[in-house]
Amino acid sequence: MKIGLVMSGGAVHGMAHLGTLKALTELQIPIHALSGVSSGAIAGAFYAAGFAPEEIFEIATRISYWQLARPAFNKRGLIRLDNLEKEFVKYLGNKTFEDLSLPFYICATDLRQGTTIYFSSGELIKPLLASNTVPVLSPPVEYQNYLLVDGGLLNNLPVECLVNITDFRIASHVNPMNSEAELKTFRSILERTCHLAVNNTVEPRLSFCNLVIEPPLLKYFSLTDLKNARKMFEAGYEHTLSLSDKLLALKD
C-alpha cells in the first residue's frame, strides 16, 4: 500500500506537522509521497531533504519570520522575503525536487489565472518561497510565467495531487477552530476571518483523505504564537500517537 501525507498551512501551527512526522517515523509508517502548502510545504521540503523533525523544529524556531522580513518599498507588498529565501538556501542549497528522498508536491496560487499550481520537479527554493508568500503583505514571486503567492489562498489541503499515486492518504490539518474563543480584539477578529476563509477550502477535500490528524489542542494557540511552538510540536506528536492503532493497521 502506498501512503501519502498532505500537510496544510497554518503559520506557527505548522510546528504540529513536525510532531506528526516524528510520531510517524517512530511508528515506522512508510510515507511514499508528500504534499504541502505554506508551513506544511516547509515541513515537507526539509523532511524530504533528509532533516529529522527535531532538526527542522530547531531551524524553524531559531529565527522568526518577522526577523527575516524587510520593508519592500514597492507597490506589490509591504515586506520582502529575501532573507527567508537565503535561509532556505542555507539549509537546502540548490536542491531540486529530483534530489529529494520521495515524491513531493508544493502548492501555490497563481494570481494571474486565479488557479492552484503544483510544483514537483525542477528548482525547489522558488516554489517553497512562493507557497509562504502572504498576499498583500509580501510581493508575489514571479516564477515560470506565474505570479505566485501562498497556495492556502485557494487550497489549504492540497491532496488532489496524491490521489492517483497513493492508495491511502493521511491529512495533517493544523487549523481546528475554537468556537468558544472570545473575539474582542481587532487581531482576534482578523485571525478568525482568515481562519474561516482558509478552512472553507479544506472541507471539500477531506473526502479524498482516509485519515485526518487534527490535534485539538492547537485551537488554543494563535497562528503567530511562536513562544508556544514546542507545545504545538508536542500536540502533533501526542495526537498522532493516540491514533497508533489505526496507523499501525496500515502496515498489516
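Residues numbered from 1 in each chain as written. Predicted model: local features only at pLDDT ≥ 70, side-chain atom pairs only at ≥ 80, totals over all residues. Heavy atoms only, no water.

By the naming in an unreviewed UniProt entry, the chain is Patatin-like phospholipase family protein, taken from Adhaeribacter radiodurans.

### Regarding the environment of Ala 49
The topology assignment puts Ala 49 in the loop between helix H2 (39-48) and helix H3 (53-62). Along the sequence, Ala 49 and Leu 102 sit 53 residues apart, while their C-alpha atoms lie 8.7 Å from each other. Ignoring anything within four residues of it in the chain, the contact list for Ala 49 reads Leu 92, Lys 95 and Leu 100. (Helix = DSSP H or I, 4+ residues; strand = E, 2+ residues; numbered from the N terminus. Contact = heavy atoms within 4.5 Å.)

### Concerning the nonpolar core
If you look at the biggest cluster of nonpolar residues, it comprises 56 residues, and the most contacted ones within it are Ile 170 and Leu 247. For Ile 170, the residues in contact, after removing those within four places along its chain, are Ile 3, Gly 4, Leu 5, Val 6, Leu 211, Ile 213, Leu 247 and Leu 250. Grouped together as the second largest cluster of nonpolar side chains are 10 residues, Tyr 105, Leu 157, Leu 162 and Ala 171 included. (Core = buried A, V, L, I, M, F, W, Y, C linked by side-chain atoms within 4.5 Å. Buried < 20%, exposed > 50% of the residue type's maximum accessible area, 1.4 Å probe, protein only.)

### Description of the side chain of Ser 222
Locating Ser 222 in the fold gives a position in the loop between strand S10 (211-213) and helix H8 (229-242). We classify Ser 222 as buried; its relative accessible area is 19%. At 3.2 Å, the side chain of Ser 222 forms a polar contact with the side chain of Glu 191. In this structure Ser 222 touches His 13, Arg 187, Glu 191 and Met 232, once residues within four positions along its chain are discounted. (Polar contact = N/O pair within 3.5 Å; in protein donor to acceptor, adjacent residues only side chain to side chain.)

### Thoughts on the environment of Thr 20
Structurally, the position occupied by Thr 20 is in helix H1 (residues 15-26). Linking Thr 20 and His 239, residues 219 residues apart in sequence, is a C-alpha distance of 7.8 Å. For Thr 20, the residues in contact, after removing those within four places along its chain, are Ser 172, Ile 213, Gly 236, Tyr 237 and Thr 240.

### A look at H1
For an α-helix, the turn length of 3.6 residues means that residues three or four places apart are oriented alike. Here H1 spans 17 Å end to end across 12 residues, near enough to the 16 Å set by a 1.5 Å rise per residue. Of the positions making up H1, those classed as buried are Met 15, Ala 16, His 17, Leu 18, Gly 19, Thr 20, Leu 21, Ala 23 and Leu 24. At the C-terminal side of H1, Gln 28 shows a positive phi close to 60 degrees. (Expected span 1.5 Å × (residues − 1).)

### Comments concerning H3
What H3 keeps buried is the set Pro 53, Ile 56, Phe 57 and Ile 59. Looking down the long axis of H3, one finds its buried residues gathered within 165 degrees of arc, a one-sided arrangement. Where H3 is buried, its residues meet H1, H2, helix H5 (82-92) and H8. (Arc of directions from axis to C-beta.)

### Considerations on a nonpolar patch on the surface
Together, Leu 111, Leu 153 and Leu 154 make up an exposed nonpolar region whose accessible area comes to about 230 Å². Relative to the helices and strands, Leu 154 is located in the loop between strand S8 (146-150) and strand S9 (168-172). Residue Leu 154 is classed as partly exposed on the basis of its relative accessible area, which comes to 33%. (Patch = residues over 30% accessible without salt bridge, like charges linked within 9 Å, V, L, I, M, F, W, Y side chains within 5 Å. Areas by Shrake-Rupley, 256 points an atom, 1.4 Å probe, with all protein chains shown as cover. Salt bridge = Lys/Arg side-chain N within 4 Å of Asp/Glu carboxyl O.)

### Quick word on the UniProt feature "active site" (unreviewed entry) in the chain
With numbering matched to this structure, UniProt assigns "active site" (unreviewed entry) to Ser 38 and Asp 150. In terms of the greatest pairwise C-alpha distance, the residues named above, spread along 113 residues, form a tight cluster of at most 6.2 Å across. Turning to its location among the elements, Ser 38 is positioned in the loop between strand S2 (33-36) and H2. For Ser 38, the contacting residues outside a window of four places in its chain are Gly 9, Ser 131, Asn 132 and Asp 150. Residue placement: Asp 150 occurs in strand S8. (UniProt positions renumbered as here; feature names shortened; annotations may be inferred.)

### What about the pairing of S9?
With five of its five residues buried, S9 lies for the most part within the structure. In S9, alternate side chains face the same way, and those of Phe 168, Ile 170 and Ser 172 on one face and Arg 169 and Ala 171 on the other are all buried. Strand direction decides the pairing type here: strand S1 (residues 3-7) and S9, joined by five bridges, are parallel. Within S9, the residue paired with Val 6 across the bridge is Ala 171. In this structure, S9 lies alongside S10, joined through three bridges in parallel fashion. What sits directly across from Ser 172, in S10, is Ile 213. This β-α-β element, S9 to helix H7 (residues 186-199) to S10, shows right-handed connectivity. (Pairing = 2+ DSSP bridges. Right-handed = clockwise from strand over helix to strand, strands pointing away.)

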